[in-house]
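Fold and contact review
One letter stands for each residue in the lines below.
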Amino acid sequence: WPYKADMHLFVQAPDEKLVSSAIVWLDAETSTAEFEPVGTHRLFRRKGLGTALAIHGMRCAAEAGARRMLVACVGDARVDTAASRMYRGLGFRELARD
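The following paragraphs examine the structure supplied in this document. Just so you know, these numbers come straight off a predicted model, no measurement behind them. (Residues numbered from 1 in each chain as written. Predicted model: local features only at pLDDT ≥ 70, side-chain atom pairs only at ≥ 80, totals over all residues. Heavy atoms only, no water.)

**Comments concerning the side chain of Thr32**
Short version of the rule: Strands here are runs of E lasting at least two residues and helices are runs of H or I lasting at least four, both read from the DSSP assignment and numbered beginning at the N terminus. Exposed residues in this analysis have more than 50% of their type's maximum accessible area, buried residues have under 20%, and partly exposed residues fall in between, with area computed by a 1.4 Å probe over protein chains only. Within 3.5 Å is the distance limit for a polar contact, defined as a pair of N or O atoms, with the added protein rule that one can donate a hydrogen and the other accept it, and that residues adjacent in sequence qualify only through two side-chain atoms. Only heavy atoms enter the contact rule, under which two residues are in contact if any of them lie within 4.5 Å.
Among the structural elements, Thr32 can be located in strand 3 (residues 32-40). Overall, Thr32 belongs to the buried group, its relative accessible area being 12%. Within the local environment of Thr32, its side chain forms a polar contact with the backbone oxygen of Thr30, the two atoms lying 3.1 Å apart. Those residues in contact with Thr32 that sit more than four places away from it in its chain are Trp25, Leu26, Asp27, Arg68 and Leu70.

In structure tokens form, the structure reads like this:
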């Protein structure tokens, strides 16, 4: 607990190599889910896999009872990263920075 194998998401390449993954952690008490960790192999970035994985993860979380999603996006606050652009494009907004 609270790990659930069905909330551990993967994307495989046609050659069956793991290229992207995320774990969705659900806090049923607050109806909040968090993506952590999230990653896509560098050779497979900017192909829409992270976006597809996030959309699938949000659907899984919603079906499990989540009403809000969180993700921590690492990086310098002054740099607009591909990851931060992807999350904003999915509707995430900045909540806090530390």
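**Focus: the nonpolar core**
The condition that has to hold: In this text, buried Ala, Val, Leu, Ile, Met, Phe, Trp, Tyr and Cys residues form a nonpolar core when linked through side-chain atoms within 4.5 Å.
Val24, Ala33, Phe35, Ala61 and Met69 are the most contacted members of the largest nonpolar core, which has 19 residues in total. Counting only elements with at least two residues in this core, the list comes to strand 1 (8-12), strand 2 (18-27), strand 3, helix 1 (49-63) and helix 2 (82-89). Once residues lying within four places of it in the same chain are set aside, the contact partners of Val24 are Met7, Leu9, Ala33, Glu34, Phe35, Gly57, Ala61 and Met69.

**Looking at the environment of Leu26**
Positionally, Leu26 belongs in strand 2. For the pair Leu26 and Gly65, spaced 39 residues apart in sequence, the C-alpha separation works out to 8.3 Å. Those residues in contact with Leu26 that lie beyond four places of it in its chain are Pro2, Thr32, Ala33, Ala64 and Ala66.

**Focus: helix 2**
Our working rule: Throughout, the arc means the angular range of directions from the helix axis out to the C-beta atoms.
What helix 2 keeps buried is the set Ser84, Met86 and Tyr87. Down the axis of helix 2, the smallest arc covering the buried residues is 160°, so these residues share one side. Here the buried face of helix 2 lies against strand 3, helix 1 and strand 4 (68-71). A positive phi of about 105° marks Gly91, the residue just after helix 2.

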